[in-house]
Amino acid sequence: MTNTEIREFIGNAIEENRVMLFMKGSPEQPACGFSARTAACLNALGVRYAALDILPDQRIREELSGLSGWPTIPQLFVEGELVGGADIVTEMYESGELASLLGAEQPEQAAEVAAQSEAPVSKGPVPLENRLD
Amino acid sequence: MPTSDELQQRIKAAFPGSLVTVEDLTGGGDHFRAEVVSDRFDGLSRIQQHKLVYDVFGAEVGGPIHALSIKTSTPGGTP
């Protein structure tokens, strides 16, 4: 795959999936605490989301950051817009903003769920997983 | 290897008059948490606020600075 193809693939993934998470590892097996925390917020809200592991090819991360202007992973996009990385997503989860953005119901004791570093099993489909292999 | 003092000074220099605390999360000089209170964030979205802080370090974030966790607010409170 060329860099241009990777960038196109990323652009399409952001466009085609209402909730799109770029992370290290998968929601079931996150490879970084920040990615785990972000996936855990989405899992706790029970929303469907697509996730893409950026680790298989270094260029995924380079092209993604080039596209979004955001230097770190994870990156969450909702309806084509960058929402943020782990810090912003966690803050928005705890305040209930993420639930309202996603049209989900805010669970009780939201802060405690987000504080867990391990992600529970994803409730959503993960159609894009490792498709760049 | 960057230190929390160095990061704090660089953020402070980029945001004159700001309050900055930087914590080295692991003690290893690569995972940091920065809290920045500045009126430059006034009227900006969280994404824009965090981008301003990331911009101070450019490509170092993701490189020597493996992770930089950011919390931003304005002197008036969190937007």
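Residues numbered from 1 in each chain as written. Chains lettered and ligands numbered in written order. Predicted model: local features only at pLDDT ≥ 70, side-chain atom pairs only at ≥ 80, totals over all residues. Heavy atoms only, no water.

Peer 1: Could you give an account of the interface of chain A and chain B, with specific residues and numbers?
Peer 2: With 16 residues of chain A in contact, the opposing surface of chain B contributes 15 residues. Where chain A abuts chain B, roughly 1300 Å² becomes buried across the two surfaces, and 58% of that area is made up of carbon and sulfur atoms. Three residues, W70, D87 and E91 of chain A, lead the burial of chain A against chain B; their summed loss comes to 37% of the area buried on that side. In this assembly, chain A and chain B are joined by 2 salt bridges. In this structure, the connection of chain A to chain B is made through 6 residue pairs in polar contact (both at pLDDT 80 or more). Listed by contribution, the elements that provide at least two residues to the side of chain A that touches chain B are α3 (58–68), β4 (81–84) and α4 (86–95) of chain A. Considering every element that reaches the side of chain A that touches chain B, the biggest residue donor is α4 of chain A, with 4 residues. (Contact = heavy atoms within 4.5 Å. Buried area = accessible area lost by both parts, 1.4 Å probe. Salt bridge = Lys/Arg side-chain N within 4 Å of Asp/Glu carboxyl O. Polar contact = N/O pair within 3.5 Å; in protein donor to acceptor, adjacent residues only side chain to side chain. Helix = DSSP H or I, 4+ residues; strand = E, 2+ residues; numbered from the N terminus.)

Peer 1: Give a detailed account of the nonpolar core, specifying residues and quantitative values.
Peer 2: Across soluble globular proteins, nonpolar side chains show a tendency to be buried alongside one another. Judged by nonpolar contacts, the single largest core of 54 residues is most densely connected at F22, L42, L76 and L98 of chain A together with I11 and L68 of chain B. Ignoring anything within four residues of it in the chain, the contact list for I11 of chain B reads S18, V20, V22, A34, V36, V53, V56 and F57 of chain B. (Core = buried A, V, L, I, M, F, W, Y, C linked by side-chain atoms within 4.5 Å. Buried < 20%, exposed > 50% of the residue type's maximum accessible area, 1.4 Å probe, protein only.)

Peer 1: Give a detailed account of the side chain of N17 of chain A, specifying residues and quantitative values.
Peer 2: Topologically, N17 of chain A is positioned in the loop between α1 (3–16) and β1 (19–23). From its side chain, N17 of chain A meets the backbone oxygen of A13 of chain A in a polar contact 3.0 Å long.

Peer 1: For the packing of α4 of chain A against helix α2 (residues 46–57) of chain B, give the residues involved together with the corresponding values.
Peer 2: The angle between the axes and the distance between the axes are what describe a pair of packed helices. Where α4 of chain A meets α2 of chain B, the closest approach of the two axes is 11 Å, and the angle between their N-to-C directions is 150 degrees. Our classification of the angle between α4 of chain A and α2 of chain B gives roughly antiparallel. For the pair α4 of chain A and α2 of chain B, the crossing hand works out as right-handed. From α4 of chain A, D87, I88, E91 and M92 of chain A reach across to α2 of chain B, where they touch R46, I47 and H50 of chain B. Looking at the contact of α4 of chain A with α2 of chain B residue by residue, the class counts come to 3 nonpolar, 1 polar and 3 charged. (Axes fitted to C-alpha atoms, helices over the stretch in contact; angles between N-to-C directions. Parallel < 35°, antiparallel > 145°, perpendicular 65-115°, else oblique. Left-handed = near helix turned anticlockwise from the far one by under 90°. Nonpolar A, V, L, I, M, F, W, Y, C, P; charged D, E, K, R; others polar.)

Peer 1: Tell me about the pattern of salt bridges, residues and numbers included.
Peer 2: Tallied over the entire structure, the rule returns 8 salt bridges over all chains. The partner of R18 of chain A in a salt bridge is E79 of chain A, and the shortest N-O contact between them spans 2.9 Å. Here R18 of chain A, found in the loop between α1 and β1, pairs with E79 of chain A, found in the loop between β3 (75–78) and β4; they are 61 residues apart in sequence, far enough to count as distant. Judged by relative accessible area, E79 of chain A falls into the exposed class, the value being 54%. One salt bridge connects R46 of chain B with E91 of chain A, and the closest N-O pair in it is separated by 2.9 Å.

Peer 1: Just give me the short version of α2 of chain B, but keep the residues and values in it.
Peer 2: For an α-helix, the turn length of 3.6 residues means that residues three or four places apart are oriented alike. Between its first and last C-alpha, α2 of chain B extends 18 Å over 12 residues, near the 16 Å set by a 1.5 Å rise per residue. Residues of α2 of chain B that are buried include every one of R46, I47, Q49, H50, V53, Y54 and F57 of chain B, and no others. Projected down its long axis, α2 of chain B carries its buried residues within an arc of 165 degrees, all on one side. Looking at the buried side of α2 of chain B, the elements it contacts are β4, α4 and α5 (97–102) of chain A together with α1 (4–14), β2 (31–37) and β3 (67–73) of chain B. Just downstream of α2 of chain B, G58 of chain B is the residue with a positive phi angle, here 50 degrees. (Expected span 1.5 Å × (residues − 1). Arc of directions from axis to C-beta.)

Peer 1: Account for the confidence of the model for chain B, with residues named and values stated.
Peer 2: Averaged over all residues, the pLDDT of chain B is 92; the fraction at 70 or higher stands at 96%. Taking the mean pLDDT of every element in chain B, the minimum, 93, falls on β3 of chain B and the maximum, 97, on α1 of chain B. (pLDDT = per-residue confidence, 0-100.)

Peer 1: How would you summarise the environment of D5 of chain B if you had to cite specific residues and measurements?
Peer 2: The topology assignment puts D5 of chain B in helix α1. Once the C-alpha coordinates of D5 of chain B and D24 of chain B are considered, the two residues, 19 residues apart in sequence, prove to be 9.4 Å apart.

Peer 1: Tell me what's going on with the side chain of D53 of chain A, and back it up with residues and numbers.
Peer 2: Residue and element names in this part refer to chain A. Mapped onto the elements of the fold, D53 is located in strand β2 (residues 50–53). At 9.0 Å, K24 is the nearest oppositely charged side chain to D53, a buried residue that forms no salt bridge. In terms of polar contacts, D53 uses its side chain to reach the backbone amide nitrogen of G25, at 3.0 Å. (Lys, Arg positive; Asp, Glu negative; His and termini not counted.)

Peer 1: Please set out the state of the cysteines residue by residue, giving values where relevant.
Peer 2: Two cysteines whose sulfur atoms are joined by a covalent bond form what is called a disulfide. Residues and elements named next belong to chain A. As enumerated under the stated definition, the model contains 0 disulfides over all chains in all. In this structure C32 is a free cysteine whose sulfur lies 14 Å from that of C41, the closest cysteine sulfur available. Of the residues examined, C32 reaches a relative accessible area of 16% and is grouped as buried. For C41, a relative accessible area of 0% corresponds to the buried category. (Disulfide = S-S within 2.5 Å.)

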